[in-house]
Amino acid sequence: AMKKQSSTQKSHRRKKGGSCSSDDDQPEVKVVPMPLLGPFIQRRHKPLKSQKYMFYSTDWEKSALVSNFQKRGWVQVPSFGGEWNFYWACTQNCRYIFGIDHPYRMRSDQTINHFPNSIELSRKDLLIKNIKRYRKDLERRGDPLAQTHSPDTELGIGGTRYKHLDMIPLTFVLPSDYQLFVEAFHQNPASTWIVKPSSKSQGVGIYLVNKLSKLKKFAYEARTFYPAMSRDSCVISKYIDNPLLIGGKKFDLRLFVLVTTFNPLKAYLYNEGFCRFCIEKYDHTEIDNIFMHLTNVSIQKTSEEYNATHGGKWPLQNLWLYLDSLRGEGVSDKLWLRISETIRHSLDAVAPVMANDRHCFEVYGYDIIIDNNLKPWLIEINTSPSMHSTTTNDRTLKSRLIDNVLNVVVPPNSLPNEHWNKTPAPELLKNFTVLLPIPLLKRTATPTRPATQRSGHKVRSKKKWTKSSSATAAESTTLPHPAQGEHKHK
C-alpha cells in the first residue's frame, strides 16, 4: 500500500514549513515587528573605541550557534537595540534591515549572516532563471565552458547538450512556462516530473506527476491570467529516476557552502556534510509515496518507521568509503571535484546580480542528488540551513561547522570590520575546499578533498572499509547507524 502523510501531519507541516523563503530553519524567537525595529535599531551609529567584548544577537537558540558564541566570550544583546557586532539573523529580519524603506545604516563594526538579495539563490524560480542566463552569457562570449556535444547526442535529464553546464534537471516555471513544459512532456510522455513551490522549503507542497491532467490548475492560469503576475509560481523539473541507491534507498547530500563576498567571489565548501536517506526502498512506479521519494528530514520524521537513533543520516565520509570500495579507489575524489564545479557554477551564475554588501557573509545549504552514473545534480539551495540537531553526530558536525565559519568570517583578535579584505589565514581553511574559478579548478589535481576527510579527522591509512562490509551495508534493509564505518572524532 502506498503511504501518504495524514491530514494532521500535513497541517502541522504547513504551519511549520510554509515560509516565504527557502529556509530549513524557522526562527525560535519572535520576528521583530517593523514599527518596533525602526526606532530602536539605530541607537548607536559609531563603534565604541573602548569596547572590550563582542556583542552578538541571534534569532535561533540552537546549541551549535550559542555554544560557539559563548566559548569565545561573546556577550548576547537584543537584536532590536542595534548594539550587536555579530547578528545571526532570520531572513525576514535581514530583509527588513536592508529594505529600501528602512533608513538604518550598518556600522563598520557590524556583520550579519545574509546578503540583501540572497533570494536570487534560494528561490527556485530565480535560481533557474540565473543559471539559464549564465549559460547564455558564456555562449555569447564563446567561453569553452559552454561547449556542447554533437546535435545527434541524446538529451538526458538536464535537457541540454552542454559538456560542463549540465548541472540541473530540465526545469520550467509554472504557470508562465506551461506551454513549453507541455511540448517537452509530449516528447517523452512516459517520464515523471516533480513539482515544487518556488518559495517554500522543508518539502512543503512537493509532489510527483506523470500525467498532464494533474496540472489543470496551471493550464487554466496560463490561459486566463498574465503568467508573470502569478504569486503561487512553481517549478516543475524532470524527475531523476535513476538515483544512486544504498540499501535500495534513495538519498541526497546536504553540503554547506560559506560565501564571504561575491565581488570578488570568495567561496568555501565545507568538507563535512551528510546523506539524508528515505525511510522506504525506492520504487519509481509509486509516485505518491513521499517516504521513498522525498529525503527532507521534516517529511521522513513523520513516518511511523522513522529511526530517531541515526535520524536517517550518514556522515559524508561513510559515503566516500562506500563508493571507493564498490566503484574503485579515487572515485570519491572525482565526484567531489564534480560537486565543487557544480556549486561554483551556481555561485558564478548569481554573482552579477548579488548585492555585495561588505557587512555580509552567508552559509548556504546545498542539496545534491547523485545519479547511478555518479553525476551530481543541483536540486536546491537553502539560505538558512537547519542548525537543529537530530542526532549526536549531527550536533557535533554542526557545532564544528559554526566554529570554522566564525574563524573565517571574523577578523582574528578583532571586532568585525567592513574594511577587512576577508582573506583568512590558510590554516583557518583546513576544513574547507576553496571553490576556485572553474578553469583553475579543472587544472588542479583531482584530489581536492583533504585526506583527513576520507577517513575521519585522524588519518588511519591501514584501516579501510572492505568491499565485503560495504556490500553488507548496501544489502541491509535498514540504514546503518552513522557511527558504523565512521572513525570517531577525537
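Predicted, not measured: the structure shown is a model, and the values here were computed from it.

1. Structural notes on the overall build of the protein chain
Argument step 1. Of the regular secondary structure elements, the protein chain holds 15 helices and 16 strands.
Argument step 2. Burial status across the protein chain gives 56% buried among its 490 residues.
Argument step 3. Within the protein chain, contacts between residues at least 6 apart in sequence are counted, and of these 73% link residues at least 24 apart.
Argument step 4. If you sum the accessible surface of the protein chain, you get close to 22,200 Å²; carbon and sulfur atoms cover 53% of it.

2. With respect to the packing of aromatic side chains
Each aromatic ring pair is summarised here by two numbers: the centre-to-centre distance and the angle between the ring planes.
Argument step 1. Applying the stated criterion across every chain, the model contains 21 aromatic pairs.
Argument step 2. For the ring pair Phe172 and Trp193, a centre distance of 6.2 Å and an interplane angle of 40° mean the geometry is tilted. Highlighted residues: Phe172 in strand E5 (residues 171-174) and Trp193 in strand E6 (residues 193-197), separated in sequence by 21 residues.
Argument step 3. A relative accessible area of 9% means that Phe172 is categorised as buried.
Argument step 4. Within the aromatic cluster, the residues linked to one another by ring pairs are Tyr56, Phe69, Trp74, Phe86, Trp88 and Phe361.
Argument step 5. A cation over an aromatic ring shows up here: Lys375 above the ring of Trp377, its NZ or CZ 4.7 Å from the ring centre.

3. Some thoughts on the sheet that holds E6
Argument step 1. Spatial ordering of the open sheet is given by E5-E8-E6-E7, a layout of 4 strands whose pairing is antiparallel. Of all strands in the sheet, those with a lone pairing partner are E5 and strand E7 (207-209), marking the two edges. Taken pair by pair, the neighbouring strands of this sheet meet at an average axis angle of 30°, ignoring direction.
Argument step 2. As judged from the 4 bridges shared by E5 and strand E8 (residues 234-238), these two strands associate in the antiparallel manner. When the bridges of E8 are listed, Phe172 appears paired with Ile236.
Argument step 3. Contacts from helix H6 (residues 124-141) reach E5, E6 and E8 within the one sheet, and its direction differs from that of E5 by about 130°.
Argument step 4. Contacts from helix H7 (residues 178-187) reach E5, E6 and E8, with the element oriented near 140° to E5.

4. Some details on the packing of H6 against helix H11 (residues 331-350)
Argument step 1. Where H6 meets H11, the closest approach of the two axes is 8 Å, and the angle between their N-to-C directions is 90°. Classed by the angle they form, the pair H6 and H11 counts as roughly perpendicular. Contact residues: H6 offers Asn130, Ile131, Arg133 and Tyr134, while H11 offers His345, Asp348, Ala349 and Val350.
Argument step 2. Here the residues of the contact of H6 with H11 are counted per class, giving 4 nonpolar, 2 polar and 2 charged.

5. As for the confidence of the model for the protein chain
Argument step 1. Per-residue confidence for the protein chain gives a mean pLDDT of 81, with 77% of residues at or over 70.
Argument step 2. Of the regions scoring below 50 in pLDDT, residues 29-43 engages in 29 contacts with residues more than four places distant in sequence or in other chains.
Argument step 3. Predicted confidence for residues 455-490 stays below pLDDT 50, and this span has 70 contacts to residues more than four positions away or in other chains.

6. Considerations on the pairing of E6
Argument step 1. Counted residue by residue, E6 has 5 buried out of 5 residues, so it is predominantly covered.
Argument step 2. Sheet analysis places E6 next to E7, joined by 3 bridges and oriented antiparallel. Looking at E7, one finds that Trp193 is bridged to Val209.
Argument step 3. With 5 bridges connecting them, E6 and E8 associate as antiparallel partners. Within E8, the residue paired with Val195 across the bridge is Ile236.

7. Regarding the sheet that holds strand E2 (residues 75-76)
Argument step 1. Spatially, 4 strands are ordered E2-E1-E3-E4 in an open sheet, and the strand pairing comes out parallel. In this open sheet, the two edge strands, each paired with only one partner strand, are E2 and strand E4 (111-112).
Argument step 2. As defined by bridge partners, strand E1 (residues 55-58) adjoins E2 across 2 bridges and the pair is classed as parallel. Pairing of Phe55 across the sheet is with Val75, part of E2.
Argument step 3. Of the strands in this sheet, E1 and strand E3 (86-88) touch helix H3 (residues 63-71), which is tilted by about 175° from E1.

What counts and how
- Residues numbered from 1 in each chain as written.
- Predicted model: local features only at pLDDT ≥ 70, side-chain atom pairs only at ≥ 80, totals over all residues.
- Heavy atoms only, no water.
- Helix = DSSP H or I, 4+ residues; strand = E, 2+ residues; numbered from the N terminus.
- Buried < 20%, exposed > 50% of the residue type's maximum accessible area, 1.4 Å probe, protein only.
- Contact = heavy atoms within 4.5 Å.
- Areas by Shrake-Rupley, 256 points an atom, 1.4 Å probe, with all protein chains shown as cover.
- Phe/Tyr/Trp six-rings, centres within 6.5 Å; stacked < 30°, edge-to-face > 60°.
- Lys NZ or Arg CZ within 6 Å of the ring centre and 35° of its normal.
- Pairing = 2+ DSSP bridges.
- Axes fitted to C-alpha atoms, helices over the stretch in contact; angles between N-to-C directions.
- Parallel < 35°, antiparallel > 145°, perpendicular 65-115°, else oblique.
- Nonpolar A, V, L, I, M, F, W, Y, C, P; charged D, E, K, R; others polar.
- pLDDT = per-residue confidence, 0-100.

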